[in-house]
Amino acid sequence: MVSAITEGVKVSVEVTYQPEFSSPHQQHFVFTYKVNIENNSAHTIQLMRRKWEIFDAGDEFKIVEGDGVVGQQPILEPGQSHQYISGCNLKSGLGKMRGSYIMEKIKDGKIFQVNIPEFQMISQIFDN
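A brief look at the structure comes next. Bear in mind that the values here come from a model prediction, so they are computed numbers and not experimental data.

The description of two aromatic rings rests on the distance between their centres and on the angle between their planes. One pass over the full model with this rule turns up 6 aromatic pairs. Taking 6.4 Å as the distance between ring centres and 35 degrees as the angle between the ring planes, the aromatic pair formed by Y17 and F29 counts as tilted. Here the residue Y17 occupies a position in strand β2 (residues 9-17), and F29 occupies one in strand β3 (residues 29-39), the gap between them amounting to 12 residues. Pair check on accessibility: Y17 and F29 agree, each one buried. Centre to centre, the rings of W52 and F119 are 6.0 Å apart; their planes meet at 85 degrees, and the pair counts as edge-to-face. Of this pair, W52 sits in strand β4 (residues 45-56) while F119 sits in strand β9 (residues 111-122), and the two are 67 residues apart along the sequence.

What follows is the structure in C-alpha cells.
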C-alpha cells in the first residue's frame, strides 16, 4: 500500500493483480486498486474530478480524466473517509499509475488538488 497527504487529505492505494480475468497470451492483464480517501483537514470537502496517468510497459502513456470516482462525487466531513475499488487493464503485465483529485471546500468553494501516490502494477509473470 502507498499513501500521500495533501492539505490534510490522505490518499492510500492498494493494488491487486487479477489473474482469473487476465489473458497473458492475448496481452490482457487486469489489475484492481482499492483507494481510501481520508479527510484529516478541518474543512468539509467534495471530490469533484479525477485525473490518472497510466504507464504501461507494453503500450503508450495514457491520461484518463473525468467527474468524480466510480460515478460518485463524495462529500467528506472532517474525520470521514471514502473508499472505492476500480480497475485498469494493461497490454503488458507491468505498469504504474499516479494521479490527482480536484477537491472543493464546501464552505468557500475553494478548489484544490490532492495527489494520488504512484503505485506499481506487476503481474505474476514478473513477480518471481
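So, on to the side chain of N36. Summarising the element assignment, N36 is placed in strand β3. Using a relative accessible area of 17% as the deciding quantity, one classes N36 as buried. Here the side chain of N36 touches E38 through a polar contact of 3.4 Å, side chain to side chain. Look past the residues within four positions of N36 in its chain and what remains in contact with it is K10, V11, S12, S81, H82 and Q83.

Criteria and thresholds
Residues numbered from 1 in each chain as written. Predicted model: local features only at pLDDT ≥ 70, side-chain atom pairs only at ≥ 80, totals over all residues. Heavy atoms only, no water. Phe/Tyr/Trp six-rings, centres within 6.5 Å; stacked < 30°, edge-to-face > 60°. Helix = DSSP H or I, 4+ residues; strand = E, 2+ residues; numbered from the N terminus. Buried < 20%, exposed > 50% of the residue type's maximum accessible area, 1.4 Å probe, protein only. Polar contact = N/O pair within 3.5 Å; in protein donor to acceptor, adjacent residues only side chain to side chain. Contact = heavy atoms within 4.5 Å.

Remember, this is a structural readout, not a statement about activity or role.
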